[in-house]
Number of protein chains: 2
Amino acid sequence: MQAKPSSKSVNPGSAEDASGLRMTRQRQGVYRVLLAERDHPTANDVFMRVKDKLPHISLATVYNCLEVLVEHRLVRQVNFEREPSRYCPNLEEHGHFHDQHTGVIHDVKFKPGVQLGDVLDLPSGAVIEDVEINLRGQLSLA
Amino acid sequence: MQAKPSSKSVNPGSAEDASGLRMTRQRQGVYRVLLAERDHPTANDVFMRVKDKLPHISLATVYNCLEVLVEHRLVRQVNFEREPSRYCPNLEEHGHFHDQHTGVIHDVKFKPGVQLGDVLDLPSGAVIEDVEINLRGQLSLA
DNA sequence: GAATCAATTTAGAATAATTCTTGCTATTGG
DNA sequence: CCAATAGCAAGAATTATTCTAAATTGATTC
Ligand SMILES: [Mn+2]
Ligand SMILES: [Mn+2]
Ligand SMILES: [Zn+2]
Ligand SMILES: [Zn+2]
């Protein structure tokens, strides 16, 4: 259990979001990199990109920032097979299509009104916290 | 390119399946372990179980066997987050539900007649080779 | 059955993404 | 300003998996 430091007024003048995330320069930088190009970069990709703005940032910090952004649900972590994790700022529920020809990962929207239970034979009493849909294939030009 | 050794008759007396997989003692043992308990064991789980029958088998061999069984589609590899890979002998198309309370992974069937394209807004021209659906949550007794 | 020779197995080393440790710095609230 | 807490950086550690190299197996041919 964690004793939260008492703050009477709601963080006056502090750069925290509603959930108490402190938006440091590094977290800001990492988050901006993710928003800038929505191409699902790896931690190392993010590291290389964020160095432009923050030349002294470390890879460990990039991992820390990504972790905290994921925990606070500003970003989603995407895992394909056993490849390095990728990160995605798209907060709508969506899946991913990995084009194995180009290597590009595309967001895939759910059709409106579709319920998981319409599609899958869920164990009775299952409370789903997280859904992950990953597709692999190719884009044929035809 | 691989020159296949010429065999006039179709492998008389050899223990190969149709696709040319040689069913060695080790591969047999690994495969049997997977069929015996359909609980999605890790490579290391398989290693520990198969040792009963093959005390000299190595972990590297278990990995090799699993890889070749996956390539030959006798077994599926299941990845949750960044946890160790798990292996599943259920060849029907299905998803997985990870009960985070018990740690058990349940197979989840697709409802009959459901097409991926009914549910997802696939990129046009996408040819899907592989579908992976992973759910995380809990089973409430209610 | 023996010779051949590629496929397989094994033990151990190597790899690589990620996590951990530790000492330092920055920020917060008082 | 002070004390407490949170965050950062550098490098070490972890660990699932893959690789290497040498020994073994076993299918095919003689
Ligand atoms: Mn890729
Ligand atoms: Mn688990
Ligand atoms: Zn995405
Ligand atoms: Zn399964």
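The coordinates are above.
Residues numbered from 1 in each chain as written. Chains lettered and ligands numbered in written order. Predicted model: local features only at pLDDT ≥ 70, side-chain atom pairs only at ≥ 80, totals over all residues. Heavy atoms only, no water.

Explain the overall build of chain A here, please?
In terms of regular secondary structure, chain A is built from four helices and six strands. In chain A, the succession of helices and strands from N to C terminus is α-α-α-β-β-β-β-α-β-β. For chain A, buried positions account for 34% of its 142 residues. Taking contacts inside chain A between residues at least 6 apart in sequence as the whole, the part at least 24 apart equals 47%. Carbon and sulfur atoms make up 50% of the accessible area of chain A, which amounts to about 8,900 Å² in all. (Helix = DSSP H or I, 4+ residues; strand = E, 2+ residues; numbered from the N terminus. Buried < 20%, exposed > 50% of the residue type's maximum accessible area, 1.4 Å probe, protein only. Contact = heavy atoms within 4.5 Å. Areas by Shrake-Rupley, 256 points an atom, 1.4 Å probe, with all protein chains shown as cover.)

Looking at this model, I keep getting lost on the protein's contact with DNA strand C. Mind explaining?
Taken together, 17 residues form the shell around DNA strand C, and within it Tyr63 and Ser85 of chain A together with Thr24, Arg27 and Thr61 of chain B come nearest. Here Tyr63 of chain A contributes a side-chain N or O atom positioned 2.5 Å from a phosphate oxygen of DNA strand C. The backbone of His56 of chain B places a nitrogen or oxygen atom 3.2 Å from a phosphate oxygen of DNA strand C. Residue classes in the surface near DNA strand C are distributed as five nonpolar, nine polar and three charged. (Near = heavy atom within 4 Å. Polar contact = N/O pair within 3.5 Å; in protein donor to acceptor, adjacent residues only side chain to side chain. Nonpolar A, V, L, I, M, F, W, Y, C, P; charged D, E, K, R; others polar.)

I'm lost on the relation of the copies chain A and chain B in this one. Help?
One copy of the chain maps onto the second through a rotation around an axis plus a translation along that axis. Between chain A and chain B, which share one sequence, the superposing operator has a rotation angle of 180° and an axial displacement of 0.0 Å; the RMSD is 0.0 Å. Classification of the inter-copy transformation places it as that of a two-fold axis. Of every C-alpha in chain A, the one belonging to Ile133 of chain A sits nearest the axis of rotation, 2.3 Å from it. Mapped onto chain B, 100% of the interface residues of chain A are again interface residues, and the two copies thus contact each other with one and the same surface. (Least-squares fit on C-alpha atoms with pLDDT ≥ 70 in both.)

So what exactly am I meant to see when it comes to helix α1 (residues 25-36) of chain A here?
Think of an α-helix as 3.6 residues a turn; residues three or four steps apart then line up on the same face. Residues and elements named next belong to chain A. Over its 12 residues, α1 extends 16 Å from the first C-alpha to the last, a length consistent with the 16 Å expected when each residue adds 1.5 Å. For α1, the set of buried residues is Gly29, Val30, Tyr31, Val33 and Leu34. Along its buried surface, α1 packs onto α2 (43-50), α3 (59-71) and β2 (86-88). (Expected span 1.5 Å × (residues − 1).)

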